[in-house]
Each structure stands twice: as C-alpha cells, then as structure tokens.
Amino acid sequence: MKNIIVIGGGASGMMAAIAASANGAKVTIIEQNPFPGKKILSTGNGRCNYTNFVQNPSCYRSDDPQFPWQVIRQFDEQKTVGFLKDLGICPKERNGYLYPNSDQAQAVADALIMECERLSVRMENNTSCLEILPLKQGFRIKTETIEHEELKKGIKEKKKNMKNSGRRIQKIRACDAVILAAGSKASNISGSDGSGYDLAKSLGHSIIPVLPALVQLHCAESFYKEIAGIRVQGRVTLYVGEQKLAEDTGEIQLTNYGISGIPVFQVSRFAAKALYEKKPVKAVLNFMPDISENTCFAFLKERISTRPEKTLNTFLVGLFPNKLGDLLLHLSRLDLTDTVRCLSDEDIWKLVHLIQHFETTITKTNAYEQAQICRGGVDTREVDPETMESRYVPGIYFAGELLDVDGICGGYNLQWAWSSGYVAGKSAGSPEKENKKIRCLESIS
C-alpha cells in the first residue's frame, strides 16, 4: 500500500486525498488550520458556487495557457457534479452556476470531510509542513503540530483566529509520494500564507510572480469618496497605454478608493501584472455599454427635446444614480444653471464621451487578504498535466491554487481545485507507480 502525504486540507487537498485513497493508498492530510476546508466556507458568499456548466479554455488563465484545460478535461464539470452528488450534495443551478441545494458552503466541506473519514484518510490539523526531503526511495517530511490545551480538553475550536500558542511537536515521517495542495496567499483565512511556494522552490521549482487576482482596484482620482456605494451596470476595459489588456461587463461597484464588482474582478489579474511590471494602467468605464456612441448621442438629443426647459443639473436624473450623474455633469465643465436646450452638439458629444469613455487611473490592487485568488504560482511548464507530477522530482504532485492557474468568477477556481486534485490524487495513488515500501521514520523530536 502506498503511503501518501497531502500538504493542505482545502478543496484540492481533500479531493486529492479522496482520489488517492480510493486507489488503495494510505493517505494523511497535513493542515495548518484547526479544521480542513476552512476556505470553502467563504466561497460563493457562503453558498459555495462549486462549478459552472459553461466551460471553455478561456475561463482559466496561466502563463502556460494550454495547461489548465489539459487538466480540466480529465475531470470536468459533469464529473464534479456527479462526484459531489454521490457525496450527498444535490445540485442547484442558476444560469449555469452550480450550488448545493441547501445553499450552504458548509455542506460541501462536511461532505468532503465525511468522505475522507469513510476512506480512513488521516487528518492532522494545526500542523505545518516545514521540510520535504527527497530520498532514494520516497521522501522524508518534517512537520510541526501546535497542540492546544483547549483541544486536549475536548473544547471545540470556534474562533476565527486561534492564537499561535501551545506546545509545539515536531515529527519526522516518511512517505512514498507527496501532494502539494497548500493553496495561495489569497484571502484572510489563517494559513493562506504562501508557505507552499517555499516548499516548491526547495524542490527546484520556479515560481511565477504571485499577485492578487479577483480583487478590487484602487484609483488615483479624489472624487471616489463622493460616489462610494454606487452600483451601476457597465463595461470595464483595462489598458496599458493604448494596448487593451482585458474587458468585462456587469455590475460595477464604486468605492471610496476606486472600483469593484465582478467585471473589475475579472480584469484585475491583468492590472496586477502590469502594475508589478511598473507599467501605467488605466480603466475605461462605459456606463451605457449596450448602445453605440451615435445611438447615445441621439438618445441624449431626444431627452433634450422631451424636456428642453430642464436645467442641466437635473438632466441625468433617472438615467444614472444621482451622485454619478452629478459627477459626470461636474466633469463636463458645463454651466449647470443653463437649460438643456442651450446644449450644443459639441456639448452633447462631451457628455457622450464621459458616459461611454470614463477614464480612471489604476494605482494598485487591494491586498492579498481581500483577493479571492492569486495569479502566478508554481510554473506549470514544470508539471506534467496528465498526472500533475513534478517534471523535476518524481513522486511530488501539485494541485489547486499553488499552481500558476487562476479562473474567472463563477465557480471556475473550485472546478480547478476538483480537477487538479483528482488528477494528482489518482496519479499519486496509482499502484503502478508504487515505490519500494519505506519503513516509517515517524518520531517526536
């Protein structure tokens, strides 16, 4: 029986453990948090959007763009739905987005934990991996467990942030294979510290610069404090100079520091990379993206003819939220006391440009703690997409956010976790790849 250690008890780690154990391996999960699946609880605003029926290669980003889809196709969204359904998660679909019927992310975490228990996967919580040392046969793993008195007494841990105190116990253990599923630096969940990157580097792997993604963007202009809280449908287009990087359409949220909302999240990884490379980044917001400039011009002309006696300061009432309309008019530098019949065609075109080409300078992203995921990670060109095994160190496998793969909003990052975790676990647990059995070296230092 192969002895496999999984570093990380998130979605990809538990999936890898289940796949490996189902293949007959003896599996141990090493998890830094007091319990596994902690980050799952915050997905989908607590409802867990666990996959999406709309799938294509463009939903996944990487510096090695072919890699993600080679993995996804081995365990796709249909297999994900079937797998979780077998675990008791009845699917609920909303426009292709899949959620548990209970609308509770906790249900997905619980189902995975119960399946791990059914398959006799051992879980060691409050435990960090300090070192992975390749041997002639297998690996030696050094871990450290923080033993809390409260847990010894049987008091369940309910706090969000457990103090980093308690008796530290280090162990040296041996295994035939290691699955690195330690996650990224994104989110404010304890344990999302990027320690997996150091483990990967110690094994000879390269790390693509890790930056926040699916995250809010800060803007340079001072007027955002005046329009904070506004939500408006629109299109966000990101530029470096005149080069268009990305664009997306949906509900834009205006905050006291800049822009947020799903379309902003979708393009944020490109902003993060350009800012990291010290390039000037701007976003162009279109607050009426469904019509052309000429149609917008004609629309405003008709609006003038309907109520020509209106003063300009009330011209946009009912078209945009009041604070946004006031800002657009203020930036137009027109005389707001004039009646709208006084507007020239040039004035109207000025308003069209502000409505459909609202430029704002991007200065930075929000921090890792506010990001849903990261872009960057272990260079996927150093990993076999058919097995998730390291091309450098046989017996080392990767899964989840630790790799340079990030999906768009809509359940794609969890689909990546299920797909990569399954492929890594199945491959690591395959009896055909079993190494010579290693004598257990576990001891307390």
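Since we're looking at a predicted model, the values are computed, not measured. (Residues numbered from 1 in each chain as written. Predicted model: local features only at pLDDT ≥ 70, side-chain atom pairs only at ≥ 80, totals over all residues. Heavy atoms only, no water.)

Some thoughts on the packing of helix α1 (residues 11–22) against helix α12 (residues 412–429)
Threshold: Simply put, an axis is a line fit to the C-alpha atoms, just over the touching stretch for a helix, and the angle between two N-to-C directions goes from 0 to 180 degrees. Helix and strand definitions follow DSSP, with helices as H or I runs of at least four residues and strands as E runs of at least two, each counted in order from the N terminus. Throughout, a crossing is termed right-handed when the near helix is turned clockwise from the far one, and left-handed when it is turned anticlockwise from it by less than a right angle. Only heavy atoms enter the contact rule, under which two residues are in contact if any of them lie within 4.5 Å. Only Asp, Glu, Lys and Arg are considered charged, only Ala, Val, Leu, Ile, Met, Phe, Trp, Tyr, Cys and Pro nonpolar, and every remaining residue, Gly among them, polar.
Look at α1 against α12: their axes get within 7 Å of each other, and the N-to-C directions meet at 35°. The hand of the α1/α12 crossing is right-handed. Of the residues in α12, those in contact with Ala 11, Ser 12, Met 15, Ala 16, Ala 19 and Ala 20 of α1 are Leu 414, Ala 417, Trp 418, Ser 420, Gly 421, Tyr 422, Gly 425, Lys 426 and Gly 429. Across the contact of α1 with α12, the residue classes tally to nine nonpolar, five polar and one charged.

Regarding the pattern of salt bridges
So the rule is basically this: The salt bridge criterion pairs a side-chain nitrogen of Lys or Arg with a carboxyl oxygen of Asp or Glu, the two atoms within 4 Å. Relative accessible area decides the class of each residue, using a 1.4 Å probe on protein chains only: under 20% of the type maximum gives buried, over 50% gives exposed, and in between gives partly exposed.
Applying the stated rule across the entire model yields 20 salt bridges. A salt bridge links Glu 124 to Arg 173, with the shortest nitrogen-to-oxygen separation between them at 3.0 Å. Here Glu 124 is found in strand β7 (residues 122–124), whereas its partner Arg 173 is found in strand β10 (residues 167–175), with 49 residues between them in sequence. Given the relative accessible area of 8%, Glu 124 is considered buried. The closest approach of N and O atoms between Arg 269 and Asp 406, which form a salt bridge, is 2.8 Å. Linking Arg 269 in helix α8 (residues 262–276) with Asp 406 in strand β21 (residues 406–407), this pair joins segments that are 137 residues apart in sequence. Comparing Arg 269 with Asp 406, the two get one shared label, buried. Among the ionic contacts, a cluster of salt bridges with common partners joins Lys 92, Arg 94 and Asp 103.

Digging into the sheet that holds strand β2 (residues 26–30)
In plain terms, the rule: Strands pair, by our definition, only if DSSP identifies at least two bridges between them.
Taken in spatial order, the five strands of this open sheet run β7-β2-β1-β11-β20, and their pairing is parallel. Each having just a single partner strand, β7 and β20 (396–398) make up the two edges of the open sheet. Within this sheet the neighbouring strands show an average axis-to-axis angle of 20°, counted without direction. When strand β1 (residues 3–7) meets β2, the two strands line up parallel, connected through five bridges. Across the sheet, Asn 3 pairs through a bridge with Lys 26, a residue of β2. α1 rests against β1, β2, β7 and β11 (177–180) of the sheet, and its axis sits at about 170° to β2.

Side note on α1
As a reminder, the rule being used: To estimate how far a helix should extend, the number of its residues minus one is multiplied by 1.5 Å.
Over its twelve residues, α1 extends 16 Å from the first C-alpha to the last, a length consistent with the 16 Å expected when each residue adds 1.5 Å. Ala 11, Ser 12, Gly 13, Met 14, Met 15, Ala 16, Ala 17, Ile 18, Ala 19, Ala 20 and Ser 21 are the residues of α1 that are buried.

Let's talk about the packing of aromatic side chains
For clarity, the cut-off: Ring geometry is summarised as follows: Phe, Tyr and Trp rings, the Trp one being its six-membered ring, pair when their centres sit within 6.5 Å, and such pairs are stacked at plane angles under 30 degrees, edge-to-face over 60 and tilted between the two. A ring has a charge above it when a Lys NZ or an Arg CZ is no more than 6 Å from the ring centre and no more than 35 degrees off the ring normal.
Taken as a whole and assessed by the stated rule, the structure comprises ten aromatic pairs. Taking the centre distance of 4.5 Å and the plane angle of 15° together, the rings of Phe 297 and Trp 349 count as stacked. Remark: Trp 349 occurs in helix α11 (residues 345–356) and Phe 297 occurs in helix α9 (residues 293–306); sequence separation between them is 52 residues. One aromatic cluster is present, built from ring pairs that chain together Phe 223, Tyr 224, Phe 287, Phe 320 and Phe 358. Here Arg 94 stacks its cationic end above the ring of Tyr 99, 4.8 Å away from the centre of that ring.

As for helix α3 (residues 77–86)
As a reminder, the rule being used: By arc we mean the arc of the directions from the helix axis to the C-beta atoms, nothing more. Pairs of N or O atoms within 3.5 Å make up the polar contacts considered here, provided that, within protein, one atom can donate a hydrogen while the other can accept it, and that residues adjacent in sequence are counted only when both atoms are side-chain atoms.
All of the buried residues in α3 are Glu 77, Thr 80, Val 81, Phe 83 and Leu 84. An end-on view of α3 places all buried positions within 165° of arc, on one side of the element. Exposed residues pointing more than 90 degrees away from the buried face of α3 are listed as Lys 85 and Asp 86. Along its buried surface, α3 packs onto α1, β3 (51–52), β5 (91–94), β6 (97–100), α4 (105–118) and α12. With a side-chain oxygen positioned 3.2 Å from the backbone nitrogen of Gln 78, the residue opening α3 is Asp 76. Phi for Gly 88, located one or two positions after α3, is positive at around 105°.

As for the side chain of Arg 269
In this structure Arg 269 comes out as buried when scored by relative accessible area, which is 6%. Setting aside anything within four residues of it in sequence, one finds Arg 269 in contact with Arg 61, Ser 62, Pro 212, Ala 213, Arg 375 and Asp 406.

So, the nonpolar core
To be explicit about the condition: Buried Ala, Val, Leu, Ile, Met, Phe, Trp, Tyr and Cys residues that are joined via side-chain atoms within 4.5 Å together make up what is termed a nonpolar core.
Core analysis: the biggest nonpolar cluster contains 78 residues, and Leu 112, Ile 132 and Trp 418 have the highest contact counts within it. Among the elements that make up this core, the one with the highest residue count is α12 (eight residues). Setting aside residues no more than four positions away along its own chain, Trp 418 makes contact with Ala 11, Met 15, Tyr 50, Phe 75, Thr 80, Leu 84, Val 108 and Leu 112. Counting residues in each nonpolar core, the second largest holds 46 residues, with Val 232, Val 236, Ile 252 and Leu 328 among its members.

With respect to the environment of Thr 249
Note that Thr 249 resides in strand β15 (residues 243–254). With 17 residues separating them along the chain, Thr 249 and Gln 266 place their C-alpha atoms 9.2 Å apart. Here Thr 249 is in contact with Gly 234, Arg 235, Pro 263 and Pro 289, once residues within four sequence places are set aside. Side chain to side chain, Thr 249 and Arg 235 meet in a polar contact 3.3 Å long.

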